[in-house]
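Residues per chain are reported as follows:
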Amino acid sequence: AEIESANANYYPKIALMGITAGGSGRLNLQGLPTLTPRGASSAIMLGMNIPIFDGGLRREQLRQAQLEAQAAQETHQKSEHDALKEMYLAGDALRTALEAYHAAQTLLTAAETTYDAALEGFQAGLSSMPVLSDAATGLATAKEAHHAAYTAAQIASATLAFAMGELNRFEPNT
(Lines give C-alpha, C1' and ligand atoms only; values in the text may rest on other atoms or scores of the structure.)
Protein backbone atom coordinates (compact mmCIF):
# COMPACT_ATOMS: atom_id res chain seq x y z
CA ALA A 1 0.00 0.00 0.00
CA GLU A 2 2.87 2.35 0.78
CA ILE A 3 4.48 1.62 -2.59
CA GLU A 4 1.21 2.36 -4.41
CA SER A 5 0.87 5.59 -2.47
CA ALA A 6 4.44 6.61 -3.36
CA ASN A 7 3.80 5.74 -7.03
CA ALA A 8 0.64 7.84 -6.98
CA ASN A 9 2.75 10.92 -6.24
CA TYR A 10 4.06 10.77 -9.83
CA TYR A 11 0.60 11.29 -11.36
CA PRO A 12 -1.36 14.53 -11.66
CA LYS A 13 -4.14 15.08 -9.17
CA ILE A 14 -7.46 16.68 -9.97
CA ALA A 15 -9.82 18.04 -7.34
CA LEU A 16 -13.38 19.29 -7.73
CA MET A 17 -14.79 21.41 -4.91
CA GLY A 18 -18.13 23.12 -4.47
CA ILE A 19 -19.08 25.92 -2.08
CA THR A 20 -22.45 27.52 -1.36
CA ALA A 21 -23.08 30.33 1.07
CA GLY A 22 -26.02 32.51 1.95
CA GLY A 23 -26.84 35.24 4.41
CA SER A 24 -29.33 37.90 5.35
CA GLY A 25 -29.27 40.90 7.58
CA ARG A 26 -31.48 43.75 8.81
CA LEU A 27 -30.60 47.41 8.96
CA ASN A 28 -32.91 49.79 10.80
CA LEU A 29 -32.14 53.52 10.93
CA GLN A 30 -34.44 55.99 12.61
CA GLY A 31 -36.89 57.52 10.24
CA LEU A 32 -35.83 55.45 7.26
CA PRO A 33 -37.45 52.28 5.99
CA THR A 34 -35.88 49.05 7.19
CA LEU A 35 -33.39 47.52 4.83
CA THR A 36 -33.03 43.75 4.66
CA PRO A 37 -30.18 42.83 2.35
CA ARG A 38 -30.00 39.22 1.33
CA GLY A 39 -27.22 37.51 -0.48
CA ALA A 40 -26.36 34.09 -1.74
CA SER A 41 -23.36 32.83 -3.56
CA SER A 42 -22.03 29.56 -4.83
CA ALA A 43 -18.91 28.46 -6.56
CA ILE A 44 -17.41 25.43 -8.15
CA MET A 45 -13.66 25.12 -8.26
CA LEU A 46 -11.54 22.76 -10.26
CA GLY A 47 -7.98 22.26 -9.09
CA MET A 48 -5.13 20.42 -10.73
CA ASN A 49 -1.75 19.53 -9.32
CA ILE A 50 0.88 18.41 -11.83
CA PRO A 51 4.18 17.27 -10.31
CA ILE A 52 7.05 18.75 -12.30
CA PHE A 53 10.06 18.99 -9.98
CA ASP A 54 10.36 18.02 -6.33
CA GLY A 55 14.10 17.68 -5.85
CA GLY A 56 13.97 13.87 -5.75
CA LEU A 57 11.47 13.69 -2.87
CA ARG A 58 9.03 11.37 -4.67
CA ARG A 59 11.84 9.07 -5.78
CA GLU A 60 13.13 8.80 -2.21
CA GLN A 61 9.60 8.21 -0.85
CA LEU A 62 9.17 5.38 -3.36
CA ARG A 63 12.56 3.94 -2.48
CA GLN A 64 11.76 4.12 1.25
CA ALA A 65 8.43 2.36 0.70
CA GLN A 66 10.15 -0.38 -1.32
CA LEU A 67 12.80 -0.86 1.38
CA GLU A 68 10.13 -1.10 4.08
CA ALA A 69 8.19 -3.67 2.03
CA GLN A 70 11.37 -5.70 1.49
CA ALA A 71 12.21 -5.56 5.21
CA ALA A 72 8.69 -6.74 6.09
CA GLN A 73 8.99 -9.61 3.62
CA GLU A 74 12.37 -10.64 5.07
CA THR A 75 10.99 -10.49 8.60
CA HIS A 76 8.05 -12.68 7.56
CA GLN A 77 10.36 -15.23 5.91
CA LYS A 78 12.64 -15.32 8.96
CA SER A 79 9.65 -15.84 11.28
CA GLU A 80 8.37 -18.63 9.05
CA HIS A 81 11.83 -20.26 8.96
CA ASP A 82 12.18 -19.99 12.73
CA ALA A 83 8.76 -21.59 13.26
CA LEU A 84 9.61 -24.49 10.94
CA LYS A 85 12.96 -24.94 12.67
CA GLU A 86 11.27 -24.97 16.08
CA MET A 87 8.77 -27.59 14.90
CA TYR A 88 11.55 -29.75 13.46
CA LEU A 89 13.61 -29.54 16.66
CA ALA A 90 10.56 -30.31 18.79
CA GLY A 91 9.72 -33.32 16.60
CA ASP A 92 13.30 -34.56 16.83
CA ALA A 93 13.24 -34.14 20.62
CA LEU A 94 9.99 -36.15 20.75
CA ARG A 95 11.49 -38.97 18.66
CA THR A 96 14.53 -39.06 20.95
CA ALA A 97 12.36 -39.04 24.08
CA LEU A 98 10.20 -41.87 22.74
CA GLU A 99 13.30 -43.94 21.94
CA ALA A 100 14.58 -43.29 25.46
CA TYR A 101 11.20 -44.34 26.84
CA HIS A 102 11.27 -47.62 24.90
CA ALA A 103 14.83 -48.26 26.11
CA ALA A 104 13.75 -47.53 29.69
CA GLN A 105 10.82 -49.94 29.25
CA THR A 106 13.25 -52.66 28.14
CA LEU A 107 15.55 -51.85 31.07
CA LEU A 108 12.62 -52.04 33.48
CA THR A 109 11.55 -55.43 32.11
CA ALA A 110 15.11 -56.73 32.46
CA ALA A 111 15.42 -55.33 36.00
CA GLU A 112 12.11 -56.96 37.01
CA THR A 113 13.30 -60.30 35.62
CA THR A 114 16.61 -59.94 37.46
CA TYR A 115 14.90 -59.08 40.72
CA ASP A 116 12.41 -61.96 40.40
CA ALA A 117 15.28 -64.38 39.72
CA ALA A 118 17.32 -63.03 42.66
CA LEU A 119 14.29 -63.30 44.96
CA GLU A 120 13.56 -66.89 43.91
CA GLY A 121 17.26 -67.73 44.32
CA PHE A 122 17.33 -66.15 47.78
CA GLN A 123 14.15 -67.98 48.85
CA ALA A 124 15.60 -71.26 47.59
CA GLY A 125 18.88 -70.59 49.42
CA LEU A 126 20.88 -70.37 46.19
CA SER A 127 21.57 -66.61 46.41
CA SER A 128 22.73 -64.20 49.09
CA MET A 129 21.15 -61.07 50.53
CA PRO A 130 23.66 -58.70 48.84
CA VAL A 131 22.67 -60.13 45.41
CA LEU A 132 18.98 -59.59 46.24
CA SER A 133 19.75 -56.07 47.49
CA ASP A 134 21.67 -55.24 44.31
CA ALA A 135 18.75 -56.54 42.21
CA ALA A 136 16.27 -54.44 44.23
CA THR A 137 18.48 -51.35 43.78
CA GLY A 138 18.68 -52.05 40.04
CA LEU A 139 14.89 -52.40 39.87
CA ALA A 140 14.37 -49.10 41.71
CA THR A 141 16.85 -47.37 39.39
CA ALA A 142 15.10 -48.84 36.33
CA LYS A 143 11.69 -47.64 37.62
CA GLU A 144 13.10 -44.17 38.17
CA ALA A 145 14.60 -44.12 34.65
CA HIS A 146 11.27 -45.35 33.24
CA HIS A 147 9.33 -42.57 34.98
CA ALA A 148 11.90 -39.95 33.92
CA ALA A 149 11.73 -41.13 30.29
CA TYR A 150 7.92 -41.10 30.40
CA THR A 151 7.93 -37.55 31.76
CA ALA A 152 10.47 -36.43 29.13
CA ALA A 153 8.27 -37.91 26.39
CA GLN A 154 5.22 -36.07 27.73
CA ILE A 155 7.16 -32.80 27.87
CA ALA A 156 8.50 -33.31 24.34
CA SER A 157 4.98 -34.06 23.13
CA ALA A 158 3.64 -30.86 24.70
CA THR A 159 6.56 -28.88 23.25
CA LEU A 160 5.80 -30.18 19.76
CA ALA A 161 2.10 -29.39 20.16
CA PHE A 162 2.99 -25.86 21.28
CA ALA A 163 5.41 -25.37 18.37
CA MET A 164 2.73 -26.49 15.91
CA GLY A 165 0.13 -24.18 17.47
CA GLU A 166 -2.04 -27.07 18.60
CA LEU A 167 -1.59 -26.52 22.32
CA ASN A 168 -3.38 -23.17 22.38
CA ARG A 169 -6.35 -24.34 20.33
CA PHE A 170 -9.50 -24.84 22.36
CA GLU A 171 -11.90 -27.44 21.06
CA PRO A 172 -14.78 -28.11 23.42
CA ASN A 173 -15.87 -31.69 23.87
CA THR A 174 -19.07 -32.38 22.00
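We now turn to the structure provided with this report.

## Details of the overall build of the protein
Then, number 1: Looking only at helices and strands, the protein has three helices and two strands in total.
Then, number 2: Going residue by residue from the N terminus, the α and β elements of the protein occur as α-β-β-α-α.
Then, number 3: For the protein, whose C-alpha radius of gyration is 42 Å, the value lies well above the compact-globule estimate of 16 Å for 174 residues.
Then, number 4: Classification of the 174 residues of the protein by burial places 14% in the buried group.
Then, number 5: For the protein, the proportion of contacts with a sequence separation of at least 24, taken over those separated by at least 6, is 65%.

## Some points on the packing of aromatic side chains
Then, number 1: Counting across every chain of the model gives one aromatic pair.
Then, number 2: The interplanar angle of 55° and the centroid separation of 5.9 Å between the aromatic rings of Tyr 101 and Tyr 150 together place this pair among those described as tilted. Here Tyr 101 is found in helix H2 (residues 57-123), whereas its partner Tyr 150 is found in helix H3 (residues 129-163), with 49 residues between them in sequence.
Then, number 3: Looking at Tyr 150, the relative accessible area reads 42%, which means it is partly exposed.

## A short note on the nonpolar core
Inside soluble globular proteins, nonpolar side chains tend to come together where they are buried.
Then, number 1: Counting residues in hydrophobic clusters, the biggest one holds seven residues: Ala 90, Leu 94, Ala 97, Ala 153, Ala 156, Leu 160 and Ala 163.
Then, number 2: Breaking this core down by element, the ones donating at least two residues are H2 and H3.
Then, number 3: Per-element accounting of this core gives the leading share, four residues, to H3.
Then, number 4: Residues contacting Ala 90, with those up to four places away along its chain left out, are Ala 156, Thr 159, Leu 160 and Ala 163.

## Quick word on the side chain of Arg 58
Then, number 1: Residue placement: Arg 58 occurs in helix H2.
Then, number 2: Setting aside anything within four residues of it in sequence, one finds Arg 58 in contact with Asn 9, Tyr 10, Pro 51, Ile 52 and Phe 53.

## Some points on the packing of H2 against H3
Then, number 1: Contact geometry for H2 and H3: axes closest at 7 Å, N-to-C directions at 160°. Viewed along their axes, H2 and H3 adopt a mutual orientation that is roughly antiparallel. Viewed along their axes, H2 and H3 form a crossing whose handedness is left-handed.
Then, number 2: Here the contact of H2 with H3 is composed, by residue class, of 32 nonpolar, seven polar and three charged.

## Overview of the pattern of salt bridges
Then, number 1: All chains considered together, the criterion is met by three salt bridges.
Then, number 2: Salt-bridge contacts for Lys 78 lead to Asp 82; the nearest nitrogen and oxygen are separated by 2.8 Å. Of this pair, Lys 78 and Asp 82 both sit in helix H2, separated by four residues, roughly a single helical turn.
Then, number 3: Here Arg 95 ties to Asp 92 by a salt bridge, and the two come within 3.7 Å at their closest N and O atoms. Highlighted residues: Arg 95 and Asp 92, both in helix H2, separated by three residues, approximately one helical turn.
Then, number 4: Residue classification places Arg 95 among the partly exposed positions, given a relative accessible area of 44%.

Reading the values: rules and limits
Residues numbered from 1 in each chain as written. Predicted model: local features only at pLDDT ≥ 70, side-chain atom pairs only at ≥ 80, totals over all residues. Heavy atoms only, no water. Helix = DSSP H or I, 4+ residues; strand = E, 2+ residues; numbered from the N terminus. Rg over C-alpha atoms; globule rule 2.2 N^0.38 Å. Buried < 20%, exposed > 50% of the residue type's maximum accessible area, 1.4 Å probe, protein only. Contact = heavy atoms within 4.5 Å. Phe/Tyr/Trp six-rings, centres within 6.5 Å; stacked < 30°, edge-to-face > 60°. Core = buried A, V, L, I, M, F, W, Y, C linked by side-chain atoms within 4.5 Å. Axes fitted to C-alpha atoms, helices over the stretch in contact; angles between N-to-C directions. Parallel < 35°, antiparallel > 145°, perpendicular 65-115°, else oblique. Left-handed = near helix turned anticlockwise from the far one by under 90°. Nonpolar A, V, L, I, M, F, W, Y, C, P; charged D, E, K, R; others polar. Salt bridge = Lys/Arg side-chain N within 4 Å of Asp/Glu carboxyl O.

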